[in-house]
Amino acid sequence: MNKQESYKWASKRIRAQVQRHVDIVATCANTTAILKEYFEFFWVGFYFYRNEHLILGPFQGPPACVKLTLDKGVCAQAVKERKTILVPNVHDFPGHVACDERSNSEIVIPTFDSNGQIRAVLDIDSIHFDSFDDTDQNYLEQISGQLASIWNCASE
Ligand code: SME
């Protein structure tokens, strides 16, 4: 399967998760599990945006930083700019937060609720340099958009 096909399948399966959504953690957990099934990402996970901080949510991969501040890092920049940040070489990114030294490139996609409020970021790390391109960005933004309705449910 090529990258587009993998994203299409992943996206279809994530849509099905959103349709039977009952709990934020459960839906986000399965979203990361589905992405990990289709791609050899080193780390894929959510950071929930709470009280001006980013708190580790469901993820697949090695243990990661539990709490991120908004003053530095790729995730923080995605929140502050409300847009996807694509980092071909994390070692060149000033203020990059290295939760695991093996990560070499990264993409962070903000996740908004139906009112346009930022609720989380989806963070994906690769051990390879320059792992992510426009195709990743487009599909991952679309997947992140599919999650919009889950944040407005009573379970959160
Ligand atoms: N590198 C991120 C921190 C989170 S880890 O990659 C899991 C950052 O700079 O915000």
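The shown structure was predicted, so the numbers you read here are calculated from the model rather than taken from an experiment. (Residues numbered from 1 in each chain as written. Predicted model: local features only at pLDDT ≥ 70, side-chain atom pairs only at ≥ 80, totals over all residues. Heavy atoms only, no water.)

A few points about the overall build of the chain
- Helix and strand counts for the chain stand at four helices and six strands.
- Along the chain, from the amino end to the carboxyl end, the secondary structure elements read α-α-β-β-β-α-β-β-β-α.
- Its C-alpha atoms give the chain a radius of gyration of 14 Å, within 12% of the compact-globule value 15 Å for 156 residues.
- The dimensions of the chain, computed from C-alpha atoms along their principal axes, are 40 × 40 × 25 Å.
- A separation of at least 24 residues holds for 55% of the contacts in the chain among residues at least 6 apart in sequence.
- Element-wise, carbon and sulfur atoms account for 49% of the exposed surface of the chain, whose accessible area totals about 7,700 Å².
- Averaging the locations of the 15 positively and 20 negatively charged side chains of the chain gives two centres separated by 6 Å. (Helix = DSSP H or I, 4+ residues; strand = E, 2+ residues; numbered from the N terminus. Rg over C-alpha atoms; globule rule 2.2 N^0.38 Å. Contact = heavy atoms within 4.5 Å. Areas by Shrake-Rupley, 256 points an atom, 1.4 Å probe, with all protein chains shown as cover. Lys, Arg positive; Asp, Glu negative; His and termini not counted. Charge placed at Lys NZ, Arg CZ, Asp CG, Glu CD.)

As for the nonpolar core
- In this structure, L35, F41, L122, I124, L140 and W151 are the most contacted members of the largest nonpolar core, which totals 25 residues.
- Those elements giving two or more residues to this core turn out to be α1 (3-19), α2 (24-38), β1 (43-50), β5 (105-112), β6 (118-126) and α4 (134-146).
- With sequence-adjacent residues up to four places away left out, L35 is seen in contact with A10, I14, F41, V44, L122, L140 and I143.
- Within the second largest apolar cluster, 19 residues are counted, among which are L68, L70, V74 and I85. (Core = buried A, V, L, I, M, F, W, Y, C linked by side-chain atoms within 4.5 Å. Buried < 20%, exposed > 50% of the residue type's maximum accessible area, 1.4 Å probe, protein only.)

A look at empty space enclosed by the protein
- Going through the model one piece at a time under the given rule, you end up with one cavity of 30 Å³ or more.
- In this structure, the largest cavity occupies an estimated 210 Å³ of space.
- Lining of the largest cavity is provided by 23 residues; of these, V97, C99, E106, D123 and D125 occupy positions nearest its centre.
- Mapped onto the lining of the largest cavity, the elements with two or more residues apiece are β1, α3 (74-81) and β6.
- Of all the elements, α3 adds the most residues to the lining of the largest cavity, at three residues.
- Here the residues of the lining of the largest cavity sort into 14 nonpolar, four polar and five charged. (1 Å grid on protein atoms, 1.4 Å probe; cavity = no way out; pocket = protein on both sides within 12 Å on 5 of 7 lines; lining within 4 Å. Points joined across faces, edges and corners; volume = space filled by probe spheres on them. Nonpolar A, V, L, I, M, F, W, Y, C, P; charged D, E, K, R; others polar.)

A word on the site of the ligand
- Lining the immediate surroundings of the ligand are W43, Y47, A64, G73, V74, C75, H96, V97, C99, E106, D123 and D125.
- The contact in question runs from a nitrogen atom of the ligand to an N or O atom on the side chain of H96, over 3.3 Å.
- For the ligand, an oxygen atom lies 3.2 Å from a polar atom in the side chain of D123.
- Among the elements of the structure, β1, α3 and β6 are those that each provide at least two residues to the shell around the ligand.
- Class assignment of the residues belonging to the shell around the ligand gives a composition of seven nonpolar, two polar and three charged. (Near = heavy atom within 4 Å. Polar contact = N/O pair within 3.5 Å; in protein donor to acceptor, adjacent residues only side chain to side chain.)

Section: the pattern of salt bridges
- Inspection of the entire model under this criterion finds six salt bridges.
- Measuring nitrogen to oxygen at the nearest pair gives 2.9 Å for the salt bridge that ties E37 to R13. Taken as a pair, E37 in helix α2 and R13 in helix α1 lie far apart in primary sequence, 24 residues in all.
- Owing to a relative accessible area of 58%, E37 belongs among the exposed residues under this scheme.
- Among the ionic contacts, a cluster of salt bridges with common partners joins K3, D133 and D136. (Salt bridge = Lys/Arg side-chain N within 4 Å of Asp/Glu carboxyl O.)

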